[in-house]
Amino acid sequence: MLPIANRVFLGLMGLVLLVLGGSVLAVGLGAPMPSWWIHDSKHDVLLSNAERTRWHDEGWWWPVVIAALAVLLLLALWWLVAVLRRRRLAEVLVDTGDGEGALLRGRALEDVLTQEAAHVDGVDGARAHLKGHRRTPEAHVRLALEPHVDPGTALTDFTTGALAHAKRSAGLESLPAEVRLRGVKHGAERVS
């Protein structure tokens, strides 16, 4: 959901800034001003001295300005952290038994888990990705089930097969998983 909201927000902000910047540039280059334009001529300033100092002597003005800017800064930092945060686990720490350990690419474990899950009886397609910390990864799996499959059986086959194999092969004590099941759409069958 966040990537979609992020793209929509960035698109709207870009469009607003493009329209405002383009209109200021057009008026500055001598284009006729629209009737709703807030300034009188191309030599008019954005904020006059009277507009800039109107609330200057009020006691509430500066605390409100500082609070609003602080909120905007916190929102911008939250957005930046959300954008830069990794969505997937890059590597998993595998205990080799000699006290050293080895690093397994998270993408490799995801690919193996996806391929094994796709071979479970009744699974039409699978998608897996890892989240969490490299010492305690969590699997997030989506399984597309064929119409004739019992979801409980498919889930049991997946957890005892592909998920258990991934846990054993990576040498993990536990591999918690969130599995989402959905049915594959199919056409109506003809009865004769």
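For the structure, see preceding data.
Report on the accompanying structure. Predicted model only: the values in this text are computed from it and were never measured. (Residues numbered from 1 in each chain as written. Predicted model: local features only at pLDDT ≥ 70, side-chain atom pairs only at ≥ 80, totals over all residues. Heavy atoms only, no water.)

## Examining a positive patch on the surface
Stated formally: Candidate patch residues must exceed 30% relative accessible area and have no salt bridge, after which like charges are joined if within 9 Å and Val, Leu, Ile, Met, Phe, Trp or Tyr side chains if within 5 Å. Note on areas: these come from Shrake-Rupley sampling with a 1.4 Å probe, and a residue is covered only by the protein chains present in the view. For salt bridges, the criterion is a side-chain nitrogen of Lys or Arg within 4 Å of an Asp or Glu carboxyl oxygen. Asp and Glu count as negative and Lys and Arg as positive, but His and the ends of the chain are not part of the count. Charge placement uses NZ in Lys and CZ in Arg. For Asp and Glu, CG and CD serve respectively. Under the DSSP-based scheme used, a helix requires at least four consecutive residues in state H or I and a strand at least two consecutive residues in state E, with every element numbered from the N terminus. Whether a residue is buried, partly exposed or exposed follows from its accessible area with a 1.4 Å probe, protein chains only, as a fraction of its type maximum: under 20%, in between, or over 50%, in that order.
Taken together, Arg85, Arg87, Lys131, Arg142, Arg182 and Lys185 make up a surface patch of like positive charges. Position of Arg87 among the secondary structure elements: in the loop between α3 (61-84) and β1 (91-94). Given the relative accessible area of 36%, Arg87 is considered partly exposed.

## Here we look at the sheet that holds strand β3 (residues 123-132)
Our working definition: Whether two strands pair depends on DSSP finding at least two bridges between them. Lines fitted to the C-alpha atoms define the axes, with helices restricted to the stretch that makes contact. Angles between their N-to-C directions range from 0 to 180 degrees. Two residues qualify as a contact provided that any one of their heavy atoms is within 4.5 Å of a heavy atom in the partner residue.
One open sheet holds the three strands; their spatial order is β3-β4-β5, and the pairing between them is mixed. Whereas interior strands pair on both sides, the edge strands pair on one side only; in this sheet they are β3 and β5 (177-183). Averaged over neighbouring strand pairs, the angle between their axes works out to 15° when direction is ignored. Across nine bridges, β3 lies against strand β4 (residues 137-145) in antiparallel orientation. Its bridge partner lying in β4, Gly125 is registered against Ala144. Helix α4 (residues 106-118) contacts β3 and β4 of the sheet and is inclined by roughly 155° relative to β3. Strands β4 and β5 of the sheet are contacted by helix α5 (residues 151-170), whose axis makes an angle of about 140° with β4.

## Side note on α4
Defined as follows: For a helix, the expected span equals 1.5 Å multiplied by the number of residues minus one. Read the arc as the range of directions from the helix axis to the C-beta atoms.
In this model α4 runs 18 Å from its N-terminal to its C-terminal C-alpha over 13 residues, within 8% of the 18 Å that 1.5 Å per residue would give. Among all positions of α4, only Gly106, Leu109, Glu110, Leu113, Thr114 and Ala117 are buried. Projection of α4 onto a plane perpendicular to its axis shows the buried side chains occupying an angular sector of 135°, all on one side. Looking at the buried side of α4, the elements it contacts are β1, β2 (102-105), β3, β4 and α5.

## Focus: the pattern of salt bridges
Under the definition given, this model contains one salt bridge. Glu178 serves as the salt-bridge partner of Arg180, at 2.9 Å between the closest nitrogen and oxygen. According to the relative accessible area criterion, Arg180 is partly exposed, its value standing at 48%. Judged by relative accessible area, which is 34%, Glu178 ranks as partly exposed.

## Points about the environment of Ala5
Structurally, the position occupied by Ala5 is in helix α1 (residues 2-28). According to the relative accessible area criterion, Ala5 is partly exposed, its value standing at 40%. The spatial distance from the C-alpha of Ala5 to the C-alpha of His140 is 21 Å, given a sequence separation of 135 residues.

## Looking at the side chain of Thr114
Tracing the backbone shows Thr114 in helix α4. For Thr114, a relative accessible area of 18% gives the class buried. Residues within four places of Thr114 in sequence aside, it is in contact with Ala126, Arg127 and Ala128.

## Some remarks on the pairing of β5
The condition that has to hold: Orient the strands so they point away from the viewer, and a crossover whose first-strand-to-second-strand path over the helix runs clockwise is right-handed.
Looking at chain direction, β4 and β5 are connected through seven bridges and run parallel. Among the inter-strand pairings, Val141 is bridged to a residue of β5, identified as Val179. Each parallel crossover has a hand, and the one from β4 via α5 to β5 is right-handed.

## Section: α5
The line we're drawing: Here the bend at each residue means the angle between axes fitted to two seven-residue stretches, the one ending at that residue and the one beginning there.
For α5, with 20 residues, the first-to-last C-alpha span of 27 Å sits near the 28 Å given by 1.5 Å per residue. Phe158 marks the point of greatest bend in α5, at about 35°. Among the residues of α5, Ala154, Phe158, Ala162, Leu163, Ala164, Ala166 and Ala170 are the ones counted as buried. In the core, the buried residues of α5 are packed alongside β1, β2, α4, β4 and β5. Phi turns positive, to about 65°, at Gly171, one or two residues after α5.

Just geometry here; none of it tells us what the structure is for.
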